[in-house]
Amino acid sequence: MNAAGPSRVTVIGAGFGALSVVRELRRRDACVDITLIAPRAELHYLPGIIWIPSGLRTREQLVVPLDNFFRRMRVQHVAGDVTGLRAGGRIVDLITNGVASEVRNDALVIASGGRFLKKLPGIEHAITPCEGIASAERIRDQLQQMQGGTIACGFAGNPNEPSAVRGGPIFEFLFGLDAQLKREGRRDKFELVFFNPSTEPGNRLGAKAVRHLLDEMARRDIHTHLGHKLKAFEADKIVTEGGEFKADMILFMPGMTGNLWFDQTELARSPGGLLKADAHCRVEGAEHVYVVGDSGSFPGPDWMPKQAHMADLQAAAAAANLLAGLQGQAANATFKVELICIIDALDHGTLVWRTPQRNIILPPSRLFHWAKRGFEWLYLRKYQ
């Protein structure tokens, strides 16, 4: 505790989890001193990048300046890249404009996202869509130049931590590209292929969703290459243990692991390299250090999603526990485990909802596409 004034809380990151933590902290405590560390005062709304190849969204629509939000929340933004932690997390080391500096705190929330594993030979030939807006723009530009060919879309997990995977957006890119090419009158010039080392891709969405996704691929004449471990990518093909196939453009989401700077800390790690958290979002063995979102490995069902909604739920628990802990009170808030998403296909969407008690998938509808767009508008209003 900082005896000289309000408690100092440092939040690392400027994504969904980090910004939700800021809102939850400020809602609960008007006086706490909040410092947020991120390279830029911007939120990149990555769920919207699925619409960049078709032109439905542009970079400008998906990058939200956070200066106004930080002013409203009375947040000090420190522009820099974190390099490590000291003193049990009480000191954050970072680089700002090429100069080493530090930020001290009484409590810390790590919400800096995950890192994609890039160990597969030839992975430089693949585009990883969720790496950011630039990746989606690369898909858009490359597709415009293609006169035809094979587009392969797939994902894989972290072999040391099966839950560290984000495959949902790949289905959206796959179905979105199919719809876009049909709109452009050139679908017949392209072959679409979905690949995955599992025979039940997307099983974290539930068995019903897997059946729906595979049936939808068959209906759209999208070929599949399933159940074979990936060996390598090449400029014009994908090599698996079950054979190889042609690919003129590859969209691939690898498994996820922790940020490189985690190695410069003493924080507990999961087998897959994420920060090991308990049910209260505390990093195990660390005092007043919390983690939310893709940076963490949390106890729960193996289908617990890596998605913004889950990060928001974890952020609420982390903020409540952090403030309670600083006040010497019991920090026992937990988060609900819930998967909810709309798998968009450019002109319609399919709603999938999963909790420990139920798994629901609703038939495709144009209403769900517009609901996804409406949610984006409402969500971004919080930060504008």
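For the structure, check the block above.
Values in this document were obtained by computation on a predicted structure and should not be read as measured data.

S.K.: Explain the side chain of Asp93 residue by residue, including any values.
M.R.: Looking at the secondary structure, you find Asp93 in strand β7 (residues 91–96). Aside from chain neighbours lying at most four places away, what touches Asp93 is Asp81, Val82, Thr83, Gly84, Leu85, Arg86, Ser101 and Glu102.

S.K.: Residues and numbers for the packing of helix α5 (residues 168–183) against helix α6 (residues 207–219), please.
M.R.: Following both chains from N to C, one finds α5 and α6 inclined at 20°, their axes separated by 11 Å at the closest point. As judged from the angle between their axes, α5 and α6 are roughly parallel. In the packing of α5 onto α6, the handedness of the crossing is left-handed. Every residue of α6 that contacts α5 at Phe171, Leu174 and Phe175 is listed here: Leu213, Glu216 and Met217.

S.K.: Which residues make up the sheet that holds strand β8 (residues 99–104), and what values do they have?
M.R.: Across the sheet, which stays open at both edges, the three strands sit in the order β6-β7-β8 with antiparallel pairing between neighbours. The two strands at the open ends of the sheet, each matched to only one other strand, are β6 (81–86) and β8. On average, each strand axis in the sheet is tilted by 30° relative to the strand beside it, whichever way the strands run. Inspection of the sheet shows β6 paired to β7 by five bridges, in the antiparallel sense. Bridging across to β7, Gly84 finds its partner in Asp93.

S.K.: Explain the pairing of strand β18 (residues 249–253) residue by residue, including any values.
M.R.: In terms of residue burial, β18 counts as a mostly covered element, since five of its five residues are buried. Burial along β18 is two-sided: the face carrying Met249, Leu251 and Met253 and the face carrying Ile250 and Phe252 are both buried. Pairing between strand β11 (residues 126–127) and β18: two bridges, direction parallel. Bridge pairing in β18 links Ile127 to Leu251. In this structure, strand β12 (residues 149–155) lies alongside β18, joined through five bridges in parallel fashion. Bridging across to β18, Ala152 finds its partner in Ile250.

S.K.: A description of the sheet that holds strand β23 (residues 339–344) should follow, citing residues and the corresponding values.
M.R.: Pairing is antiparallel across the open sheet formed by three strands, whose spatial order is β23-β24-β25. The outermost strands of the open sheet, each flanked by one partner alone, are β23 and β25 (359–361). Ignoring which end each strand starts from, the neighbouring axes of this sheet average 10° apart. Summarising the sheet, β23 and strand β24 (residues 349–354) pair through six bridges and their orientation is antiparallel.

S.K.: Give a detailed account of α6, specifying residues and quantitative values.
M.R.: With 13 residues, α6 should reach 18 Å at 1.5 Å per residue; the first-to-last C-alpha distance of 18 Å fits that figure. Looking at the buried residues of α6, the elements they touch are α5, β13 (190–196), β14 (223–226), β23, β24 and β25. Looking one or two places after α6, you find Asp221, whose phi comes out positive at around 60°.

S.K.: How would you sum up the nonpolar core? Please name residues and give values.
M.R.: It is characteristic of soluble globular proteins that their nonpolar side chains tend to be buried jointly. The biggest cluster of nonpolar side chains holds 111 residues, and the ones touching the most others in it are Val11, Ile110 and Ile151. Looking at this core, the element that brings in the most residues is helix α7 (residues 308–326), giving nine residues. The residues contacting Val11, other than those within four sequence positions of it, are Ala18, Val21, Val22, Leu25, Ile34, Thr35, Leu36, Ile37 and Val109. Counting 14 residues, the second-largest nonpolar core is a separate cluster that includes Ile123, Ala126, Ala152 and Ile250.

S.K.: Please provide a residue-by-residue account of the layout of surface pockets, values included.
M.R.: The space that makes up the second largest pocket amounts to roughly 440 Å³. In terms of lining residues, the second largest pocket is bounded by 21 residues, among which Leu117, Lys119, Gly157, Asn158 and Pro159 are the most central.

Rules of the game
- Residues numbered from 1 in each chain as written.
- Predicted model: local features only at pLDDT ≥ 70, side-chain atom pairs only at ≥ 80, totals over all residues.
- Heavy atoms only, no water.
- Helix = DSSP H or I, 4+ residues; strand = E, 2+ residues; numbered from the N terminus.
- Contact = heavy atoms within 4.5 Å.
- Axes fitted to C-alpha atoms, helices over the stretch in contact; angles between N-to-C directions.
- Parallel < 35°, antiparallel > 145°, perpendicular 65-115°, else oblique.
- Left-handed = near helix turned anticlockwise from the far one by under 90°.
- Pairing = 2+ DSSP bridges.
- Buried < 20%, exposed > 50% of the residue type's maximum accessible area, 1.4 Å probe, protein only.
- Expected span 1.5 Å × (residues − 1).
- Core = buried A, V, L, I, M, F, W, Y, C linked by side-chain atoms within 4.5 Å.
- 1 Å grid on protein atoms, 1.4 Å probe; cavity = no way out; pocket = protein on both sides within 12 Å on 5 of 7 lines; lining within 4 Å.
- Points joined across faces, edges and corners; volume = space filled by probe spheres on them.

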